Amino acid sequence: MLHTVNKSSFERNSLKSCLNTIDNTSVILLIEDGVISAAKNTNSPMIADLAAQGRVYALQGDVEARGISSKLADNIKLVDYAGFVDLVVEHGTTVSWV
Amino acid sequence: MKISIQINEGPYQHQASDTAYQFAKAAIEKGHEIFRVFFYHDGVNNASRFTLPPQDDRNVVNQWAELGIKNVDGEPELVVCIAAALRRGMLDESEASKNGIDGNNIHPAFRISGLGQLIEAGIQSDRLVVFGD
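Residues numbered from 1 in each chain as written. Chains lettered and ligands numbered in written order. Predicted model: local features only at pLDDT ≥ 70, side-chain atom pairs only at ≥ 80, totals over all residues.

Undergrad: Could you clarify how one ought to interpret the overall build of chain B in this entry?
TA: Counting its secondary structure elements, chain B contains five helices and five strands. Helices and strands appear in chain B in the N-to-C order β-α-β-α-β-α-α-β-α-β. Compactness check: chain B gives a C-alpha radius of gyration of 14 Å against a globular reference of 14 Å for 133 residues, within 12% of the reference. A principal-axis box enclosing the C-alpha atoms of chain B has dimensions of 45 × 35 × 30 Å. Within chain B, the proportion of its 133 residues that are buried is 41%. (Helix = DSSP H or I, 4+ residues; strand = E, 2+ residues; numbered from the N terminus. Rg over C-alpha atoms; globule rule 2.2 N^0.38 Å. Buried ≥ 20, exposed ≤ 12 C-beta atoms within 10 Å, placed from the backbone.)

Undergrad: Is there a simple way to explain the sheet that holds strand S1 (residues 2–7) of chain B in this structure?
TA: Each strand in a sheet pairs with its neighbour through backbone hydrogen bonds, running either in the same direction (parallel) or in the opposite one (antiparallel). Residue and element names in this part refer to chain B. A sheet is described by the order of its strands in space; here five strands give the open sequence S4-S3-S2-S1-S5, paired in parallel fashion. Of all the strands in the sheet, just strand S4 (110–113) and strand S5 (127–131) have a single pairing partner and so form its edges. Within the sheet, the average angular offset between the axes of one strand and its neighbour, ignoring direction, is 25°. The pairing of strand S2 (residues 33–39) with strand S3 (residues 78–81) spans three bridges and is classified as parallel. (Pairing = 2+ DSSP bridges. Axes fitted to C-alpha atoms, helices over the stretch in contact; angles between N-to-C directions.)

Undergrad: Would you mind going over the interface of chain B and chain A with me for this structure?
TA: One frequently used descriptor of interface size is the decrease in accessible area upon assembly of the parts. Each partner contributes to the interface: chain B provides 16 residues, whereas chain A provides 11 residues. Looking at the side of chain B that touches chain A element by element, the count peaks at five residues for helix H1 (residues 16–29) of chain B. By residue class, the composition of the side of chain B that touches chain A is eight nonpolar, five polar and three charged. (Contact = placed C-beta atoms within 7 Å. Nonpolar A, V, L, I, M, F, W, Y, C, P; charged D, E, K, R; others polar.)

Undergrad: For this particular structure, what's the right way to read helix H1 (residues 14–21) of chain A?
TA: Think of an α-helix as turning once every 3.6 residues; residues three or four places apart then point the same way. Turning to H1(A), its buried residues number three or more, namely A:Ser14, A:Leu15 and A:Cys18. Around the axis of H1(A), the buried residues are gathered within 100° of arc, so they sit on the same side. (Arc of directions from axis to C-beta.)

Undergrad: I would appreciate a short explanation of the environment of B:Phe131 in the present structure.
TA: Inspection of the secondary structure assignment puts B:Phe131 in strand S5. Considering only alpha carbons, one finds B:Phe131 and B:Ile7, 124 residues apart in sequence, at a separation of 5.0 Å. Not counting residues within four places of it along the chain, the set of residues in contact with B:Phe131 comprises A:Ser96, B:Ile5, B:Ile7, B:Asn8, B:Ala16, B:Thr19 and B:Ala20.

Undergrad: Help me understand the sheet that holds strand S3 (residues 56–59) of chain A in this model?
TA: Residue and element names in this part refer to chain A. Reading across from one edge, S4-S3-S2-S1-S5 is the order of the five strands in this open sheet, with parallel pairing throughout. Looking at the sheet topology across the chains shown, the edges are occupied by strand S4 (77–79) and strand S5 (94–97). On average, adjacent strands in this sheet sit at an angle of 25° to one another, irrespective of strand direction. As defined by bridge partners, strand S1 (residues 2–5) adjoins S5 across four bridges and the pair is classed as parallel. Within the sheet, the bridge partner assigned to His3 lies in S5 and is Val95. In the packing of H1 onto the sheet, contacts are made with S1, strand S2 (27–30) and S5, and the angle to S1 comes to roughly 165°.

Undergrad: Would you explain the packing of helix H4 (residues 81–90) of chain A against H1(B) in this entry?
TA: Two packed helices can be described by the angle between their axes and the distance between those axes. The contact between H4(A) and H1(B) brings their axes to 8 Å, and the two run at 75°. Here H4(A) lies roughly perpendicular to H1(B), going by the angle between them. Facing A:Tyr81, A:Ala82, A:Phe84 and A:Val85 of H4(A), the residues of H1(B) in contact are B:Gln22, B:Phe23, B:Ala26 and B:Ala27. (Parallel < 35°, antiparallel > 145°, perpendicular 65-115°, else oblique.)

Next up, the structure:
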């Protein structure tokens, strides 16, 4: 499954809820304010293990718009909108955590 | 692949409609079919034909219209939830006349219909992606 998270974890608990719920084949895509969690020293411990397994993506345009391109946590994979579409196609059901 | 989209937030207030639009555009460019876009809750405000942003800003409503998402019969598949729309003063010609109101504001590239259209989109499509708050 693909899980999208669109809120910063300073604002909502959606990333935490998502991490508590997902199985070990799911991947996470951070979009909109969700990309804040992809910045170093924010929530990196929360998602570090998952990122190390190559299962955390962030939407490049949203990362750039928030000025965190140079502050990304390790192993976060950047995708553009075409990459977003590919993730939706590859991972069956999409769950939107809002 | 057949993909449908649900949008729960209005334009300019929230990024949902912009993200969904960029997603839909990328999907079409990749050769996928956008079966339906369902505008729900405040998302119905994406269908106002009176939307007039400043000249140097994107027009979210026209952007959706220009994607030309239609079915084989040529009907628009940008579908606005009727209950959410009427509550917010979003009316097409038929709803306006039915309710004795002298104007309508739904863009012609959109159509008003019921929640069943969202369920049908979920059944008919390979993927349903939700954007909102």
